[in-house]
Amino acid sequence: QHDLLVGTFKDNNGYDGFMVTSYVDPYYKNANNVKIKFNQASKALVYYNGTLLTNDDTDTAYLLEDGVFNMTLDEGDYVFIIPVK
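Owing to the predicted nature of the structure, the values given are computational and were not obtained by experimental measurement. (Residues numbered from 1 in each chain as written. Predicted model: local features only at pLDDT ≥ 70, side-chain atom pairs only at ≥ 80, totals over all residues. Heavy atoms only, no water.)

Here we take up the environment of alanine 61. Checked against the element boundaries, alanine 61 lands in the loop between strand E5 (51–53) and strand E6 (62–63). As for alanine 61 and valine 84, which are separated by 23 residues in sequence, their C-alpha atoms are 8.9 Å apart. When near neighbours in sequence (up to four residues on either side) are disregarded, alanine 61 contacts Lys43, Ala44, Leu53, Thr54, Asn55 and Asp56. (Helix = DSSP H or I, 4+ residues; strand = E, 2+ residues; numbered from the N terminus. Contact = heavy atoms within 4.5 Å.)

In structure tokens, the structure reads:
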């Protein structure tokens with residue numbers, strides 16, 4: 001694993017958001033495997049490098065396996081995650 005930068009946010013309604021950035025020198029071309037367990041969440045809104053990322057039939061959410069978000073980020077990639085119950 002390599003360096004990651006994680007920011008946590010709450011909106012005015014109390015919903016959580018998580019910004020995860022792969023903080024790796026691009027010269028070395030190292031990727032990071034990101035695994036985050038969200039309690040009581042079965043899916044999430046996921047924005048990967050600014051684009052909504054989906055893996056469900058409705059193309060609106062990213063389904064989590066047992067509440068776990070799992071993704072590989074290349075150097076400089078970022079993902080914004082909003083877990084949904």
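Formed by 14 residues in total, the largest nonpolar core has its most connected members in Phe38, Val46, Leu64, Phe69, Val79 and Ile81. Mapped onto this core, the elements with two or more residues apiece are strand E2 (16–22), strand E4 (43–48), strand E7 (68–73) and strand E8 (78–84). In terms of residue count, E7 provides more of this core than any other element does, three residues in total. Excluding residues within four positions of it along the chain, phenylalanine 69 makes contact with Val34, Lys35, Ile36, Phe38, Val46, Tyr62, Leu64, Val79 and Ile81. (Core = buried A, V, L, I, M, F, W, Y, C linked by side-chain atoms within 4.5 Å. Buried < 20%, exposed > 50% of the residue type's maximum accessible area, 1.4 Å probe, protein only.)

Despite not being glycine, glutamine 40 has its phi angle at roughly 60°, a positive value. Classification of glutamine 40 as exposed rests on a relative accessible area of 62%. Located in the positive-phi region is asparagine 49, a residue other than glycine, with phi close to 50°. Mapped onto the fold, asparagine 49 is located in the loop between E4 and E5. By relative accessible area, which is 32% here, asparagine 49 ends up partly exposed.

The full count for this structure, using the stated rule, is three aromatic pairs. Between tyrosine 62 and phenylalanine 69, the ring centres sit 5.5 Å apart and the planes meet at 55°, which makes this aromatic pair tilted. Residues tyrosine 62 and phenylalanine 69 agree in their burial class; the two are buried. (Phe/Tyr/Trp six-rings, centres within 6.5 Å; stacked < 30°, edge-to-face > 60°.)

Attention now moves to the pairing of strand E1 (residues 4–10). As paired elements, E1 and E2 share seven bridges and run antiparallel to each other. Bridge pairing in E2 links glycine 7 to methionine 19. Remark: five residues form the turn of the hairpin made by E1 and E2, two consecutive strands paired antiparallel; glycine 14 in that turn has positive phi of roughly 90°. (Pairing = 2+ DSSP bridges.)

Take the pairing of E2 next. The sheet contact formed by E2 and E8 spans four bridges and is antiparallel. In the strand pairing of E8, threonine 21 is matched with tyrosine 78.

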